[in-house]
Amino acid sequence: MSQQPQIEETGSLGVVRLKRLWWRWTHRGVLAERGDAAARQHEWVHEMVLIHGLGIGLEQIARYLTPERTFDELEAWILELNGGSIDPACIARLNAALTGGAYDAQTQRRFEEIAAMPAVFDASDLETWDEHGIVVLRDAISAQQCAAAVDAVHEFIGVRADDASTWYQRNHAQGIMVQLFQHPALEPARRSARIHKAFSQLWGTTDLLPTFDRCGFNPPEQAGFIFPGPHLHWDADMTKPIGFGVQGLLYLGDTAAEQGAFSCVPGFHKTLDGWLQSLPPRADPHDHIRGTPAKAIAGNAGDLILWHQALPHGSSPNRAARPRVVQYLTMFPARPSERF
Ligand SMILES: O=C(O)CCC(=O)C(=O)O
């Protein structure tokens, strides 16, 4: 097929835009020359809804969709990642979000339940968010849920908690990132009403989707293992003004500041524009942010750290005795049409 499929063209899963995504990602070379930046951004935001809404990790699909992949293969792969079937209610919600259609009663009820919950952030938390661009939701998931997620990470990378000689194997890991996206132990956080409420207070809407993000394992530094990053960076496109966006990370074990904690420059969202203007023309902001003093954020197992995407952030070297284990997780508005 040499023409870009229409949005409404579906395959056996009945998901709008999926054929188009497949075509676009397997024709990246062709597409690079087409369309203006706004059109590309428009597609990208819709694709993020599609990918996370179908329970796929972004890095996962980026690796999977090589130019020779067929659309049938993509659909079969998605089904397999979802354990052989996808809840029709999930597909209905996704199609409604992507076409601007109405949600069904079940989805509406979930939003109403979240809206009716007591706030999880009080006025002082929201002030902290506003001023520093970072806020922590304590006890976002239970100790048992954390322990199950830690076990899943350990098993996936072949690590034993009580045997430091196993901590440096790099099975399925990229630096400190662990390419584990689908596992029942990662679901409680994605489905948690408390976490949903937290994100809804920051976004101002309950119509949010969780990301299917990966996990992280940051062992103590030792001879032969120097912290590989991520150092201070932004995940947003720095060539454009950075709008509102929330990123998140869940500590699955107690994490001291020196234990490879999440680090950021609090308050930078307020000064980013001026700082960018102070850089030499065409400078890459990433080259200039390295070395800026950052704050390491300690936390307990189950604490969810949320930060504004305009904050430079990264992890940090682990100088403690135990590895740091995390699940990356954020939630974002499911209806792209409302953002354009
Ligand atoms: O793992 C960390 O502490 C940092 C995470 C990070 O840099 C990111 O999510 O972009």
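For clarity, every value in this text was computed on a predicted model and none was experimentally measured.

Participant: Can you break down the site of the ligand residue by residue, with the values?
Facilitator: Contacts to the ligand come from Pro230, His233, Asp235, Leu249, Phe262, Trp307, His313, Gly314, Ser315, Arg324 and Tyr328. Between His313 and the ligand, the recorded distance is 2.9 Å, taken from a side-chain N or O atom to an oxygen atom. One of the side-chain N or O atoms of Ser315 is found 3.5 Å from an oxygen atom in the ligand. About the coverage of the ligand: the protein hides 92% of its 290 Å² of free accessible area. For the shell around the ligand, the secondary structure elements donating two or more residues are β10 (313–314) and β11 (324–328). Looking at the shell around the ligand residue by residue, the class counts come to five nonpolar, four polar and two charged.

Participant: How would you sum up the packing of aromatic side chains? Please name residues and give values.
Facilitator: On inspection of all chains with the given rule, the structure shows 10 aromatic pairs. Considering the side-chain rings of Tyr103 and Phe111, the 5.5 Å spacing of their centres and the 75° angle between planes classify their relative orientation as edge-to-face. The same class applies to Tyr103 and to Phe111, which are both buried. Here Trp234 and Trp275 contribute two aromatic rings whose centre-to-centre distance is 5.7 Å and whose plane-to-plane angle is 45°, an arrangement assigned as tilted. Remark: Trp275 occurs in helix α12 (residues 268–277) and Trp234 occurs in the loop between β5 (215–218) and β6 (246–251); sequence separation between them is 41 residues. An aromatic cluster of three or more residues is present, and its members are Trp129, Trp203 and Phe244. Above the plane of the ring of Tyr64 lies Arg69, whose end atom (NZ or CZ) is 3.9 Å from the centre. Across from the ring centre of Tyr103, 4.1 Å away, lies the NZ or CZ of Arg335, which sits over that ring.

Participant: Now, about the nonpolar core: what can you tell me, with residues and values included?
Facilitator: In this structure, Leu74, Ile195 and Leu306 are the most contacted members of the largest nonpolar core, which totals 70 residues. Ranked by the residues each element gives to this core, the list is headed by helix α9 (residues 143–157), at six residues. Each of two domains, domain 1 (18–99) and domain 2 (114–339), supplies a minimum of three residues to this core. With near-sequence residues (within four places) excluded, Ile195 lies in contact with Leu137, Ala140, Ile141, Ala189, Leu304, Leu329 and Met331. Ile134, Trp234, Ile242 and Ile289 belong to the second largest nonpolar core, which has 28 residues in total.

Participant: Give a description of the domain arrangement of the protein that names residues and reports values.
Facilitator: With domains assigned, the protein is organised as domain 1 (18–99) and domain 2 (114–339). Taking only C-alpha atoms into account, the centre of domain 1 sits 24 Å from that of domain 2. Of the roughly 1500 Å² buried between domain 1 and domain 2, counting both surfaces, carbon and sulfur atoms make up 56%. A per-residue breakdown of the area domain 1 buries against domain 2 is headed by His52, Glu59 and Arg93, which together make up 35% of the total.

Participant: So what's going on with the sheet that holds β10? Which residues, and what values?
Facilitator: Taken in spatial order, the three strands of this open sheet run β8-β7-β10, and their pairing is antiparallel. Strands at the two margins of the open sheet, each flanked by one partner only, are β8 (295–297) and β10. Pairing of strand β7 (residues 262–264) with β10 involves two bridges; the strand directions are antiparallel. In the strand pairing of β10, Ser263 is matched with Gly314.

Participant: For the pattern of salt bridges, give the residues involved together with the corresponding values.
Facilitator: This model, assessed by the stated rule, comprises 14 salt bridges. Across the pair Arg214 and Glu59 runs a salt bridge whose closest N-O atoms are separated by 3.6 Å. With Arg214 in the loop between β4 (208–210) and β5 and Glu59 in helix α4 (residues 58–64), this pair connects stretches of sequence that are 155 residues apart. Its relative accessible area of 14% is what places Arg214 among the buried residues.

Participant: Give a detailed account of the sheet that holds strand β9 (residues 304–308), specifying residues and quantitative values.
Facilitator: Within a sheet, adjacent strands bond to each other through the backbone by hydrogen bonds, running parallel or antiparallel. One open sheet holds the seven strands; their spatial order is β1-β9-β6-β11-β5-β3-β2, and the pairing between them is antiparallel. Here the strands that pair on one side only, and so sit at the sheet edges, are β1 (134–137) and β2 (173–174). Inspection of the sheet shows β2 paired to strand β3 (residues 177–178) by two bridges, in the antiparallel sense. When the sheet's bridge partners are listed, Gln174 is paired in β3 with Met177.

Participant: An account of the packing of helix α1 (residues 18–26) against helix α3 (residues 37–53) is requested, with residue identities and associated values reported.
Facilitator: At their nearest, the axes of α1 and α3 sit 11 Å apart, and the two run at 115° to each other. When the axes of α1 and α3 are compared, the crossing they make is left-handed. Residues Leu18, Arg20, Leu21, Arg24 and Trp25 of α1 pack against Glu43, Trp44, Glu47, Leu50 and Ile51 of α3. In terms of residue class, the contact of α1 with α3 is built from six nonpolar, no polar and four charged.

Participant: Tell me about α1, and please be specific about residues and values.
Facilitator: Of all nine residues making up α1, nine are buried, and the element is well covered by its neighbours. All of the buried residues in α1 are Leu18, Lys19, Arg20, Leu21, Trp22, Trp23, Arg24, Trp25 and Thr26.

Calculation rules
Residues numbered from 1 in each chain as written. Predicted model: local features only at pLDDT ≥ 70, side-chain atom pairs only at ≥ 80, totals over all residues. Heavy atoms only, no water. Near = heavy atom within 4 Å. Polar contact = N/O pair within 3.5 Å; in protein donor to acceptor, adjacent residues only side chain to side chain. Areas by Shrake-Rupley, 256 points an atom, 1.4 Å probe, with all protein chains shown as cover. Helix = DSSP H or I, 4+ residues; strand = E, 2+ residues; numbered from the N terminus. Nonpolar A, V, L, I, M, F, W, Y, C, P; charged D, E, K, R; others polar. Phe/Tyr/Trp six-rings, centres within 6.5 Å; stacked < 30°, edge-to-face > 60°. Buried < 20%, exposed > 50% of the residue type's maximum accessible area, 1.4 Å probe, protein only. Lys NZ or Arg CZ within 6 Å of the ring centre and 35° of its normal. Core = buried A, V, L, I, M, F, W, Y, C linked by side-chain atoms within 4.5 Å. Domains from an automatic or database assignment. Contact = heavy atoms within 4.5 Å. Buried area = accessible area lost by both parts, 1.4 Å probe. Pairing = 2+ DSSP bridges. Salt bridge = Lys/Arg side-chain N within 4 Å of Asp/Glu carboxyl O. Axes fitted to C-alpha atoms, helices over the stretch in contact; angles between N-to-C directions. Left-handed = near helix turned anticlockwise from the far one by under 90°.

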